[in-house]
Structures are given as C-alpha cells and as structure tokens.
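So you can see what is in the structure, the chains are spelled out below.
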Amino acid sequence: MEFPRFIFNPKEGIDNPALVITDDPEPDHSPVPRLCQLKRLEGQSFGFYLRVLKDGRGFEVRNVEPWSPAKHGGLREGDRVLEVNDEYVDNMDFYRVVRKVQSCGLHLFLLVLRRDEYEQAVCVGLDLQTLTTATKGERCYRPRLCHISRHPEHGLGMTIISVEGQKGQYIMSTLTDGPAERAGVCSGDRLIWINGVMASTLTHSSLNRTLKKSADSVTVLVIDSESECCYIRRKMPILPVVAECCSLPHTAKTMHLVKGRDGYGFLLRQEKVAFTRRIVHVLREVDVGSPAEGAGMEDGDLLLAVNREPVESMEHEDIVKKIRQSGDKVSLISISIPGRDFYRQLGISPLFFHEEFTVQREQAVSHCNKSQNGTSLRHGDGCMSYPTLCVQDRDERGSGFHSDCVSDQTGTYTTQLSQTSDAFL
C-alpha cells in the first residue's frame, strides 16, 4: 500500500498542538537560600567561625571544621547567614546574632546563601528578607511556646482533640478569653509538644494523664496547620528553639554589681547536681546589706553569664580567670534552679529568651576578694595591695570542701566579642 506524500503548506501551519514550537522560558536565576540543620552534643561547639562583613552588613561563615556539626549539617566556607532559627538576622547586630547561636542549645538552624549568590543579590538590590519569606511561604509563621496557668474556675481553658485517622496528631480547642487563649494558643492549632514531651509519642490517654499531673500549669508548643505544612515541606523539625515566646514562667535575672568596701559579698561555688553528672556554678552565702543582695542575688541561684558572656559550659577555672582579670564592676546573669530545670526541659538555654542578654552589649568588669574564711567574693581587711580571688569547690558527694586562693593584678576585662569581628561557635 502506498501512502500519500506529505507536503507542508506554511499557510495552513501544523494542526498538531504537540508539534507547535514555542520559545523556551527564560531560566530563573534568582538565588535560592539553603537550610542547614546543625545538631551538637552537650558541651560541643558547632564548629565554625562567624564573621561580620567589612561594611557591617551580612555575616560570613569561615573555617568550618572537618567532622564538625557544621560540616555534617551542610554549612560551607563563605556561606552568608540570612536566618538563625527561623529569625531573619541580616540586618541585626553582630553581637546579638552570636548570642542567639550561643544560647540555642543543641539544635541550630541556619538559612544561608552562597557567597556569589549573596553578592549578586546585594548588587541588584534584591530584598533579602522578602527572598527568605518567599522561600518559606507567605503564610508560614513560627510556632508558639505558651505557658498556661490553671484558672480556679475555667481550668486551663482548652481541650485537646485527636485528629481522626492520624495517630499522635492533636488539635487545640480553646475557651474564648480563657487561660490558654490569653497565653497565645488559638483554636485549630496543632499540638507539637507538651511539658517536654513530643505529642506525637503520646496516646490520648497518656496525654490526659500528663494534663492531670500538671496541677497548676502546663507548657505547650503549638503551630497553625498551614505553617506546620510549610515546616514539613522544608523538612524542618518543629522545636522550641525556633518558637516565639509567649509568657514563660521563669526568666533569667541581670544583676549589675559595684564593689563595696567589703567586696561583693557572695560566694561562687562549683557543685554537682544530685543523681547526675551535671556541674553547675552556684551563687552562695549572700551577705546581708552587700552589693550582691542589693542587686537581687539569692542564695542558690545558678550563674549563667559573666559580663554578657555565657559561662554554663565553661570550666570553673575559666570563670575564675575571667573574674580575676576584672575591675570593680560586674554584670551577672543568673536563674533559679527550678527555672534552669524548666529551660533544660525545653532543650535551650535560659539566655535564649532573655531579651536584655541578646539585645544589649556592655563592657562590664568584675572584682572579687578574699574574706576572713578565704572562700568568698569579698574584700579583705586592707592589708593587701591587690585583690585575691578565692574559689571553693564541692566534691561529688557534696560533703567535702577544697579552698584554692589565687591573686592577680587589678585589671579590666573585656569580652572577646568587644575586640574582634568574628566568633567561634
């Protein structure tokens, strides 16, 4: 059988839409931010340097250590940081950004651009904050960490409802203007976390038991359903470290001390927490009428920072060195033991939501001297021409004491962040 020969007539064109020839669309050269998820062990660094650029805007990642959490999380040399834990930081003060990373606990989420992408975006005047929003979605909001106090009549003012056909998924239903709603919880929110436990691991009966055990209050992490989908799409876990804070019960306390005639009037002591291997630095034996008492120091508070620098994970001797090199003023940040346990349950430092710590930066100095007992941060009897620092350590059983006194010339201590434009994190 002979087929007729096809002759193309340009006036008629081609009738088959599949054969219609069109111009290829222009490729999209817009920069695409990359999400890096870093996770470290207790006492471990993330393993990279953060440097502020010469013009004062933008933060560059430098010297990513091999085998570090930063390297494993996909962070690269020269990356420019746009967000820290889902919060835009490109226009933020460098010292505040560093403190956010230092106090974030074991998890760190960085949204970054490659160096060439960042420079190109700045060159063409691209709004980087708009870019980060577009990456996540216009209606993607951060989760909310809410502390709810029980009302005598209305209770917690909320009901937790199981999502039908979805194991471990729960929705919040709140009483209008009730305790939960006033704490920041909205009807329809997804329950992610309650009192330190992921809701997805709980059955409805165990969830009810958790609520009953919480006699006076409960802390929940919630998020709206649309934002939850955004986090799932980005493969980003929903954790307290990325949340907005709503009315948490415990706050860190900042104390500005000026040395008096008898020194500061308190004792710094290293102790081990009962039944754990955890070491804490405790403020003890606050003298009546002393600068320490006047600043609001209470016996048993835990020391978190000296002169705006976190000290929880430092060796006791390193804290001693910082104080020993100080002058006659000191800025201390502390928290009660129940407060520290609360934030440990959240997996973050108490400094993370301490706004004064993250916003302000001062050059503060501290001074501590020897007492008659040789164990406290108090001034001597005037017979010495230089201050003496005495530190008392408690052994593992908490029943034996060891005094170690060292002396040094009076000086002014300035944190490393006040002297350099980069920080190891």
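Because the structure is predicted, anything quoted here is derived from the model rather than measured.

Colleague: Can you break down the packing of aromatic side chains residue by residue, with the values?
Modeller: The full count for this structure, using the stated rule, is five aromatic pairs. Relative to F424, the ring of Y49 lies with its centre 5.0 Å away and its plane at 50°, an arrangement referred to as tilted. Of the two residues, Y49 sits in strand β2 (residues 49-52) while F424 sits in strand β23 (residues 422-424), which places them 375 residues apart along the sequence. Measuring from centroid to centroid gives 5.6 Å for F94 and Y95, while their planes differ by 70°, and the two rings are edge-to-face. Within the aromatic cluster, the residues linked to one another by ring pairs are F59, F94 and Y95.

Colleague: Give a description of the nonpolar core that names residues and reports values.
Modeller: F48, L75, V81 and L108 are the most contacted members of the largest nonpolar core, which has 53 residues in total. Per-element tally for this core: the top contributor is helix α2 (residues 94-102), with five residues.

Colleague: Please give an account of helix α4 (residues 128-136) that cites residues and values.
Modeller: Listing the buried residues of α4 in full gives L128, L131, T132 and K136. Burial along α4 is one-sided: seen end-on, the buried residues are contained in an arc of 130°. On its buried face, α4 is in contact with β4 (80-84), β5 (87-88), β6 (107-113), α3 (115-123) and α7 (225-233). The N-cap of α4, judged by a side-chain oxygen 3.0 Å from the amide nitrogen of Q129 a few residues on, is D127. G137 sits one or two positions beyond α4 and adopts a positive phi of about 120°.

Colleague: Requested: an account of the pairing of strand β1 (residues 34-39), with residues and values cited.
Modeller: Side chains R34, C36 and L38 of β1 all project onto a buried face; the interleaved residues L35, Q37 and K39 project onto a face where none is buried. Alignment of β1 against β6, held across six bridges, turns out to be antiparallel. Its bridge partner being in β6, K39 is matched across the sheet by H107.

Colleague: Provide a residue-level description of α2, including the pertinent values.
Modeller: The buried fraction of α2 amounts to eight of the nine residues, a majority that puts the element mostly inside the structure. Residues F94, Y95, R96, V97, V98, R99, K100 and V101 constitute the buried set of α2. Here α2 starts with a cap whose side-chain oxygen sits 3.0 Å from the backbone nitrogen of Y95, and that cap is D93.

Colleague: Provide a residue-level description of the environment of T132, including the pertinent values.
Modeller: Relative to the helices and strands, T132 is located in helix α4. When the C-alpha positions of T132 and L111 are compared, they lie 8.2 Å apart, and in sequence the two are 21 residues distant.

About the cut-offs
- Along each chain, numbering runs from 1 in the same order as the chain's sequence is written.
- The model is predicted, so local features are restricted to residues of pLDDT at least 70 and side-chain atom pairs to those at 80 or more, both for listing and for counting; the totals for chains, interfaces and linings are taken over all residues.
- With hydrogens and water set aside, each side-chain value is computed from the structure's full complement of heavy atoms.
- Pairs were defined over the aromatic rings of Phe, Tyr and Trp, the Trp ring being its six-membered one, requiring ring centres within 6.5 Å. Orientation was assigned from the angle between planes: stacked under 30 degrees, edge-to-face over 60, tilted for the rest.
- Secondary structure elements follow DSSP: runs of H or I of four or more residues count as helices, runs of E of two or more count as strands, with numbering from the N terminus.
- Take the buried residues of types Ala, Val, Leu, Ile, Met, Phe, Trp, Tyr and Cys, join any two whose side-chain atoms come within 4.5 Å, and each joined set is a nonpolar core.
- The cut-offs for exposure are 20% and 50% of the maximum accessible area for each residue type, with area from a 1.4 Å probe on protein chains only; residues under the lower value are buried, those over the upper are exposed, and the others partly exposed.
- Working definition: the arc comes from the directions between the helix axis and the C-beta atoms, pointing outward to the latter.
- Should any heavy atoms of two residues lie within 4.5 Å, those residues are counted as being in contact.
- A 3.5 Å cut-off defines polar contacts: any pair of N or O atoms within that distance qualifies, except that in protein one atom must be a possible hydrogen donor and the other a possible acceptor, and neighbouring residues in sequence count only when both atoms are side-chain atoms.
- Any two strands with at least two DSSP bridges between them are considered paired.

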